[in-house]
Amino acid sequence: MGIIDRVVLSIYTFSLAIISGLMILVAIAPEWLQVHVWLQDALLTGRGRVIIGLVGGAFFAVSLRLIVFAFARQGGGQPVVYESSMGEVHISLGAVESLVKKTARSVKGVRDMKAVITHAQDGLHAHLTGTVSPEVSIPEVSEEIQSTVRQYVKRVVGVEMAEVRIEIENIATDGPRRRLD
């Protein structure tokens, strides 16, 4: 979801919250807000009809956009293409993302890791966000994650990583994690 969609969704949700609150207020005490009088007055003037029509049209358009967005097929983006002697191999970005998360989580001292993979002209870009143990050196663990991810993706997928960016968002405060390896 892009930034414009998020802003529109926020405004839409805020507007619906206000309308819902007003509807509750009218249901509780109809004498406080006489909506039917205001609506009747607005519909009798040309300007009022235009404003009501524009607001209704905007809500309808945003509703359609949200419905389309909700049911649109969320593709994995442009796939990674690897040329083999037998032909092309297409690997989805979702598959690469799963591989990168698994690889990053296997590094000692990493508690949790999320990955976002994008495909640009210069190659694959990975943005990893995660949590590490308090007893590890963040620069060392970050370098190890970058190195391990680059090597593993090159070996398994056959494509070089253009960038592996690490963001440590938290240091785990609970006890050391048990490894099941």
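For the structure given in this document, a descriptive report is provided here. As the structure is a prediction and not an experimental result, all values here were calculated from the model. (Residues numbered from 1 in each chain as written. Predicted model: local features only at pLDDT ≥ 70, side-chain atom pairs only at ≥ 80, totals over all residues. Heavy atoms only, no water.)

Focus on the nonpolar core
Alright, step 1. Among the nonpolar cores identified, the biggest contains 25 residues, and L124, L128 and I145 are the most heavily contacted of them.
Alright, step 2. Every element with two or more residues in this core is listed here: α4 (93-105), β3 (110-120), β4 (123-132), α5 (138-156) and β5 (161-171).
Alright, step 3. Counting residues per element, this core draws most heavily on α4, which supplies five residues.
Alright, step 4. Apart from the residues within four sequence positions on either side, L124 is in contact with V80, L93, V96, I117, T118, H119, V153, V159, E160, M161, A162 and E163. (Core = buried A, V, L, I, M, F, W, Y, C linked by side-chain atoms within 4.5 Å. Buried < 20%, exposed > 50% of the residue type's maximum accessible area, 1.4 Å probe, protein only. Helix = DSSP H or I, 4+ residues; strand = E, 2+ residues; numbered from the N terminus. Contact = heavy atoms within 4.5 Å.)

Here we look at the packing of aromatic side chains
The relative placement of two aromatic rings is captured by the distance of their centres and the angle of their planes.
Alright, step 1. A complete count under the given rule lists one aromatic pair for this structure.
Alright, step 2. When the ring of Y12 is compared with that of F59, the centres are 5.4 Å apart and the planes differ by 45 degrees; the resulting orientation is tilted. Of the two residues, Y12 sits in helix α1 (residues 3-28) while F59 sits in helix α3 (residues 46-71), which places them 47 residues apart along the sequence.
Alright, step 3. Since its relative accessible area comes to 16%, Y12 is described here as buried.
Alright, step 4. Here F59 falls in the partly exposed class, since its relative accessible area comes to 22%. (Phe/Tyr/Trp six-rings, centres within 6.5 Å; stacked < 30°, edge-to-face > 60°.)

Considering the environment of I3
Alright, step 1. With respect to the helices, strands and loops of the structure, I3 is situated in helix α1.
Alright, step 2. Between the C-alpha atom of I3 and that of A120, which follows or precedes it by 117 residues, the distance is 20 Å.

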